[in-house]
Every structure is written in structure tokens, then in C-alpha cells.
Amino acid sequence: MWLFKRKGPSGFSFSNTAEDVTHDIDGTGLTAIVTGASSGIGSETARVLAMRGVHVVMGVRNMAAGKDVKETILKANSSAKVDAMELDLSSMASVRKFSSEFKSLDLPLNILINNAGVMACPFMLSHDNLEMQFATNHLGHFLLTDLLSETMKSTASKSSIEGRIVNISSEVHRLAYKEGIRFDKINDRSEYNQLWAYGQSKLANILHANELTRRFKEGGVQITANSLHPGIIMTNILRHHNIIGGLSFTLGKPAVKNVQQGASTTCYVALHPNVKGVSGEYFMDNNISAPSSQAQDTNLAKKLWDFTINLIHS
């Protein structure tokens, strides 16, 4: 359909792949962490960044799957720099262990891609007794970013290359609970709705990037933070929700992206020179888009920040 091939201001569209949007970009000398890189758009993001010369560290819960992805990347590109390290975003202890181990490698960190996630799962609690979607999609990534922020600041300062933080959100952020973030009901099983809870966590991803932007600008830090909707992609993240999985039939095949297209906006925001200096924006189909009014609420972003800080230090 012509609508999906129509280019936006960036020169790219819904239909472009991750390879398309990074064509002729040399990422040699850069180091990126990609969470959830053992499958789906995470593994494609890792593959394409490695293809462009970036040293990719994959944070994966399933190390066997992560090693398979690493071997596949190296088989196609023997000069690629790629590592797999264990990371379970639903466990603060695991996030702290990963961060410590990464720092011990004494690597720079130019790009942090907060990609891993769970979607619309039945009510369950994380290792830290928090609702699983909020814990994995928001809290784990917030803690990871917090623990690695000094490394990113140091890298940006020493290299004079801006750091980039990329939060993978979703258009489902528009379907969060009516109050946006249910600060006093995060663990309320009686009122839990698996889709609204997913929307809440994806709204949190946008608010997190926006508040990071405000703080970085206030501190004169050369790091950008943006969020994005990758599109509807038929990956295993949909395993808990038949309704969303059925969107491919409801909307028609052209409205569903393949994995190569699904990773494109992530790679565009992480690597393209057009995005230099751009921060606090929400991207979709490789172009800046407008999120919900709640996602642009600065007071809600600040409240979420304070709330999350209390959780990770409690």
C-alpha cells in the first residue's frame, strides 16, 4: 500500500528496514548495549548495529539463545564485535550484577537501547514483588540506565560524541489506565488489566526518556534520550495476548511489520546523524511523532521519577 511507503521528513517510512536507515553509516568505535537481544527486533537491532561496526553487548535473559544470536552474527560477519551477558530486567539484583560486570570490562558506552519487555501477561509479581510488566518494562530499564549513566557521561565527555539512550515504547501507551500511572495501585491484582498495565509500562518508558532529557539538559550533559513505537511485529512478545496477535488479521497484512522493519526506528534513532541533538522526542516509522497528552505531562514524568527512585532504593 502506498500509505506505508510514503516517506516522512527523515526520508524514511514505515516500510524501511534497519539496514536501509543505517546504510553508509560507520559505527566503528561505538559501543552499544541492547537489552532483549536474544530474539525479535532486539536480535535484529544487534545484528545491524554490529554490521555497521558497533561493538554490541547483548543483555539477555536466555543465555543459550543469546549465544545462538551471537554465533549467527559472527558467522555472517566474522569481524563483528558482539558479546552476550546475562540480564533479567525483572530482577533488580540481576540488573545490578549486569551493570557491575559491564563496568568491569572497562568499555565505553555510547548507546543504551532499552528494548527488552513483556507484553500483556497475566498478573504476576517480579523477583522484587512488583507487578511484572511495570517491573520489567520500566523499573528494570530505569535502574539499568541509572547505574550506567556515569559511564555514558564519561564516554561522551572523553570522546566528544553524544551518548544516546533509546527506550522502546509502544502506541499502546495510549491505552494505559485513565490516571496514566497507578502509583498507589501498582500491585493491585483486583483491578489489574493486562493490556492497560502494559500501556502503563509503555507510558512510563516515554516519561522516563522525557525526564532524562530534562535532567541532561539542565546538567549540560551530552546525552540524548528518546522513545519510540517500533510498530506491530509478530514476535513472541505477543504470546500472552491473542487480541493483539489477531491485529494482523484485523488490520491486514500491510499494517504488520516484519522484524527487519520493526528494528528500523530503533536503529535510526540510535545511529543516524539526523537525530544528533534531538532529545525528548517520540518516534514512529523512522520519524518524529506525537505521543499522548499524558506522555507529555512533565509533572507526571517528575512524579514517576521520584516514585521509581524510591522503589530502587527501598
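Relevant structure appears above.
Residues numbered from 1 in each chain as written. Predicted model: local features only at pLDDT ≥ 70, side-chain atom pairs only at ≥ 80, totals over all residues. Heavy atoms only, no water.

A. Focus on the pairing of strand E6 (residues 223–229). Counting buried residues in E6 gives seven out of seven residues, a clear majority hidden from the surface. The side-chain alternation of E6 yields two buried faces, one formed by Ile223, Ala225, Ser227 and His229 and the other by Thr224, Asn226 and Leu228. The pairing of strand E5 (residues 163–168) with E6 spans six bridges and is classified as parallel. Looking at E6, one finds that Gly163 is bridged to Ile223. The handedness of the E5 to E6 crossover, carried by helix H7 (residues 194–219), is right-handed. As judged from the three bridges shared by E6 and strand E7 (residues 282–284), these two strands associate in the parallel manner. Bridge pairing in E7 links His229 to Met284. (Buried < 20%, exposed > 50% of the residue type's maximum accessible area, 1.4 Å probe, protein only. Helix = DSSP H or I, 4+ residues; strand = E, 2+ residues; numbered from the N terminus. Pairing = 2+ DSSP bridges. Right-handed = clockwise from strand over helix to strand, strands pointing away.)

B. Seen up close, the sheet that holds E7. The eight strands are arranged E3-E2-E1-E4-E5-E6-E7-E8 in an open sheet whose pairing can be described as mixed. Across the chains shown, the open sheet's two edge strands, defined by having one partner strand only, are strand E3 (82–86) and strand E8 (287–289). Strand after strand, the sheet turns through a mean of 25° between neighbouring axes, direction not considered. Two strands pair when backbone bridges link them, and E7 and E8 are joined in this way by three bridges, in the antiparallel orientation. In the sheet register, Phe283 faces E8, and the bridge partner there is Ile288. Strand contacts of helix H5 (residues 92–104): strand E1 (31–35), strand E2 (55–60) and E3, with the helix running at about 145° to E3, the strand carrying the most contacts. Each of strand E4 (111–114), E5, E6 and E7 is contacted by helix H11 (residues 264–271), which is oriented at about 160° to E5, the strand it contacts most. (Axes fitted to C-alpha atoms, helices over the stretch in contact; angles between N-to-C directions. Contact = heavy atoms within 4.5 Å.)

C. Looking closely at the nonpolar core. Counting 45 residues, the largest nonpolar core has Ile33, Ile165 and Ile181 as the members making the most contacts within it. Counting residues per element, the ones that place at least two in this core are H5, helix H6 (132–159), H7, E6 and helix H12 (298–313). Element by element, the count of residues in this core is highest for H6, at nine residues. When sequence neighbours within four positions are dropped, the list of residues in contact with Ile165 reads Leu112, Asn114, Thr145, Met152, Leu212, Phe216, Ile223, Thr224, Ala225 and Asn226. (Core = buried A, V, L, I, M, F, W, Y, C linked by side-chain atoms within 4.5 Å.)

D. Spatial organisation of the pattern of salt bridges. Counted by the stated rule, this structure contains 13 salt bridges. The salt bridge involving Arg174 is made with Glu171; its shortest N-O contact spans 3.0 Å. With relative accessibility at 38%, the residue Arg174 sits in the partly exposed group. In this structure, Arg182 engages Glu179 in a salt bridge whose closest nitrogen and oxygen atoms are separated by 3.1 Å. Glu179 gets classed as partly exposed once you look at its relative accessible area, which sits at 34%. Beyond isolated ion pairs, a larger network of salt bridges with shared partners links Glu179, Arg182, Lys185 and Glu191. (Salt bridge = Lys/Arg side-chain N within 4 Å of Asp/Glu carboxyl O.)

E. Local environment of the packing of H6 against H7. One way to put it is that H6 packs onto H7 with a least axis distance of 8 Å and a crossing angle of 20°. Put simply, H6 runs roughly parallel to H7. As for how H6 packs across H7, the hand of that crossing is right-handed. For the pair H6 and H7, contact is made by Gln133, Phe134, Asn137, His138, His141, Phe142, Thr145 and Lys153 and by Gln194, Ala197, Tyr198, Gln200, Ser201, Lys202, Ala204, Asn205, His208, Leu212 and Phe216, respectively. The class makeup of the residues in the contact of H6 with H7 is seven nonpolar, ten polar and two charged. (Parallel < 35°, antiparallel > 145°, perpendicular 65-115°, else oblique. Left-handed = near helix turned anticlockwise from the far one by under 90°. Nonpolar A, V, L, I, M, F, W, Y, C, P; charged D, E, K, R; others polar.)

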